[in-house]
Amino acid sequence: MPGLIGKKIGMTSVFSADGKNVPCTVIEVGPCEVTQVKTVATDGYDALQLGFEDVKEKHLTKPQIGHFAKAGVTPKRHLAEFKGFDGEYKLGDKITVEMFSESDFVDIIGTSKGKGFQGVVKRHGFGGVGQATHGQHNRLRKPGSIGACSYPAKVFKGMRMAGQTGNKRVTVQNLQVVKIIPEYNVLMIKGSIPGSKGSIVLIEK
């Protein structure tokens, strides 16, 4: 799907035409520059590689610097590939937030906030075992039994247990575009999206 790279700015709310207060996420989207054009003849598929956010050359390797010099664009911090663009694009072309329109539905891909090592109550929503009274000592937030009975005498793969929570790639689908502010490259999306303020997200049409 065609899309752009953006940065999550934060959240706010706007009033809709019927007077409802709609919570929105503000995303700075692009402008993204075409850093590579992939075709079926050379790469086996059609796609555009887009770059977002300028970066100093001292932070890049020489192959990366040569890649951007070949495209005729300034070095970029973030790169991503998108398929399905309409029309012909050349190296160095800029694609802005204006490719979206209000009332469009988009998919947002981001990295969720990392929570560290967490127990089953926070990680999976377990209710804990037993009550706080009747002789309970330290088992209120424990997972309970994790194995089968006598057969098979093992713990199955995929058992929901304590562990690393968050900091994963998450896709939220069918979010509505509420408002576009092209002069500031801003897209306002209804609802929340994964990631913290300042995190990079992919917006797919």
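Scroll up for the structure.
These notes cover the structure that comes with them. (Residues numbered from 1 in each chain as written. Predicted model: local features only at pLDDT ≥ 70, side-chain atom pairs only at ≥ 80, totals over all residues. Heavy atoms only, no water.)

**Focus: the side chain of T35**
Relative to the helices and strands, T35 resides in strand β3 (residues 32–38). Other than its neighbours up to four places away in sequence, T35 contacts Q49, L50, G51, H67, F68, A71, V73, L79 and L91. (Helix = DSSP H or I, 4+ residues; strand = E, 2+ residues; numbered from the N terminus. Contact = heavy atoms within 4.5 Å.)

**Points about the pairing of strand β2 (residues 21–29)**
The side chains of a regular strand alternate, residue by residue, between the two faces of the sheet. Sheet analysis places strand β1 (residues 3–15) next to β2, joined by nine bridges and oriented antiparallel. Residue pairing for β2: K7 is matched across the bridge by E28. Connecting β1 to the antiparallel partner β2 that follows it, the hairpin turn spans five residues, and G19 within it adopts a positive phi of roughly 90°. (Pairing = 2+ DSSP bridges.)

**Thoughts on the sheet that holds strand β4 (residues 47–54)**
Strands sit in the order β5-β4-β3-β6 across an open sheet of four strands; the sheet is antiparallel. With one partner strand each, in any of the chains shown, β5 (76–82) and β6 (94–95) form the two edges of the open sheet. By the bridge criterion, five bridges tie β3 to β4 in an arrangement that is antiparallel. Following the sheet pairing, V34 is matched in β4 by L50. Running over the sheet, helix α2 (residues 62–71) touches β3, β4 and β5 and is turned about 95° from β3. (Axes fitted to C-alpha atoms, helices over the stretch in contact; angles between N-to-C directions.)

**Notes on the pattern of salt bridges**
The full count for this structure, using the stated rule, is five salt bridges. Close ionic contact of K7 with E53 constitutes a salt bridge, the shortest N to O distance being 2.6 Å. Of the two residues, K7 sits in strand β1 while E53 sits in strand β4, which places them 46 residues apart along the sequence. Overall, E53 belongs to the partly exposed group, its relative accessible area being 24%. Measuring nitrogen to oxygen at the nearest pair gives 3.4 Å for the salt bridge that ties E53 to R77. Taken together, the residues span a long stretch of sequence, with E53 in strand β4 and R77 in strand β5 at a distance of 24 residues. Each member of the salt-bridge network shares a partner with another, and the members are K7, E53 and R77. (Salt bridge = Lys/Arg side-chain N within 4 Å of Asp/Glu carboxyl O. Buried < 20%, exposed > 50% of the residue type's maximum accessible area, 1.4 Å probe, protein only.)

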